[in-house]
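Chain and residue survey
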Amino acid sequence: MTTTNATIEATHKSITAQILTQFCDDYLSADAFKDYAPNGLQVDGGQPIQRIVTGVTACEALIDAAITANADAIVVHHGYFWKGEPEPIVGMKGRRIRKLLQHGISLIAYHLPLDAHPIIGNNAKLAEALGLTITGALYPHESHPVGNIATCIPQSPNDLTTIITHALGRAPLHIPADYTYCNSEDTHTNAPRLIKRVGLCTGGAQDMIEQAAAMDCDAYISGEISERTTHSARELGIDYFACGHHATERGGIEALGELVAQQFGIPVTFIDIDNPA
Ligand SMILES: [Zn+2]
């Protein structure tokens, strides 16, 4: 577990969960997204907020860390109440929510709005960390698209692997394109090409590889990989880099915490609960 403080000194300022949520809702245009979970205030701890903890996922380890840090609110990318999950607040979910309420901690979550934000979003932050320049959306005809197209200095797949490893602190799983399957003038060599145009979408967006190929990307970067993704990469002639769901989604929530700390002058600590997936 590692922590980063957005503001170091403790203050005695406080805000309500509603004010904090309204600010984040507005900044992220949360209402504009159709999402798989509710964005905004998910659990109202009922206390004024003087100290905030941020993290990728509202797991019990993050709640414990927030209790230790004396936080009144947790702001995350992966909250609760996902579409299709069982509704009763029992078992693991019951324990997490009971702990929040017992300690008066509010839970605030932003999913797609935090992936997509052009400045502090997960995709924007990942592009920045990898030295990519975003030039557009993977789905340019959608009103609030998630996922981007970016350009980079022409580089080999091995060079991009090195850059990702350095930026995220872990090596990606790289599936090289197999040009024998696609119509290309280099079909006969099957040598790796230089990567100049990249599609990217953090988290579990591996199935958007087909769209990245349709948008003429040389490579596609996401978090997770499925068995089928390997065959898609090879046959679509696009290099795939699975960089870790957690690893690709730290940037947005950490940046949102920094923004909140600046806006309200209250201490915000990013707590990274290690997750190899
Ligand atoms: Zn995610």
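What counts, and where the lines are drawn
- Along every chain, residues carry numbers that run from 1 in the direction the sequence is written.
- The predicted origin of the model limits local features to residues at a pLDDT of at least 70 and limits the giving and counting of side-chain atom pairs to 80 or more, whereas totals for whole chains, interfaces and linings rest on all residues.
- Only hydrogens and water are set aside; all other atoms, that is, all heavy atoms of the structure, feed into the side-chain values.
- For the purposes of this entry, the term helix denotes a DSSP run of H or I that reaches at least four residues, the term strand denotes a run of E that reaches at least two, and both are numbered from the N terminus.
- Residue count minus one, scaled by 1.5 Å, sets the expected span of a helix.
- The buried label goes to any residue with under 20% of its type's maximum accessible area, the exposed label to any with over 50%, and the partly exposed label to all in between, with areas taken from a 1.4 Å probe on protein chains only.
- This arc is built from the directions going out from the helix axis to the C-beta atoms.
- Contacts between residues were defined by any pair of non-hydrogen atoms, one from each residue, lying within 4.5 Å.
- Throughout the structure description, domain borders are defined by an automatic or database domain assignment.
- Buried area is a sum: the accessible area each of two parts loses on coming together, probed at 1.4 Å, counted once for each and added.
- Under this definition, polar contacts are N or O atom pairs within 3.5 Å; protein pairs additionally need one hydrogen-donor-capable and one acceptor-capable atom, and for neighbouring residues in sequence, both atoms have to be side-chain atoms.
- All residues other than Ala, Val, Leu, Ile, Met, Phe, Trp, Tyr, Cys, Pro, Asp, Glu, Lys and Arg, Gly among them, are scored as polar; the first ten of these are nonpolar and the last four charged.

**Thoughts on helix 3 (residues 91-102)**
Since there are 3.6 residues in each turn of an α-helix, residues three or four apart along the chain are aligned in direction. For helix 3, built from 12 residues, the straight-helix expectation of 16 Å at 1.5 Å per residue is met to within 8% by its first-to-last C-alpha distance of 16 Å. When helix 3 is considered as a whole, its buried residues turn out to be Lys-93, Gly-94, Arg-96, Ile-97 and Leu-100. Take helix 3 and look down its axis: the buried residues cluster within an arc of 165 degrees, on one side only. Residues of helix 3 that are exposed and point more than 90 degrees away from the buried face comprise Gly-91 and Gln-102. Elements that come into contact with the buried residues of helix 3 comprise strand 2 (40-43), helix 2 (60-68), strand 4 (73-78) and strand 5 (106-109). Following helix 3 by one or two positions, Gly-104 has its phi on the positive side, about 60 degrees.

**Observations regarding the domain arrangement of the protein**
Under the domain assignment used here, the protein contains domain 1 (2-111 + 249-272) and domain 2 (116-248). The distance between the C-alpha centroids of domain 1 and domain 2 comes to 30 Å. The junction of domain 1 with domain 2 conceals about 1300 Å² of combined surface from both sides, 57% of it contributed by carbon and sulfur atoms. Linking domain 1 with domain 2 are 12 residue pairs in polar contact (both at pLDDT 80 or more). Of all the secondary-structure elements, those providing two or more residues to the side of domain 1 that touches domain 2 are helix 1 (17-28), strand 4 and helix 10 (251-264). When its residues are assigned to classes, the side of domain 1 that touches domain 2 shows 8 nonpolar, 4 polar and 3 charged.

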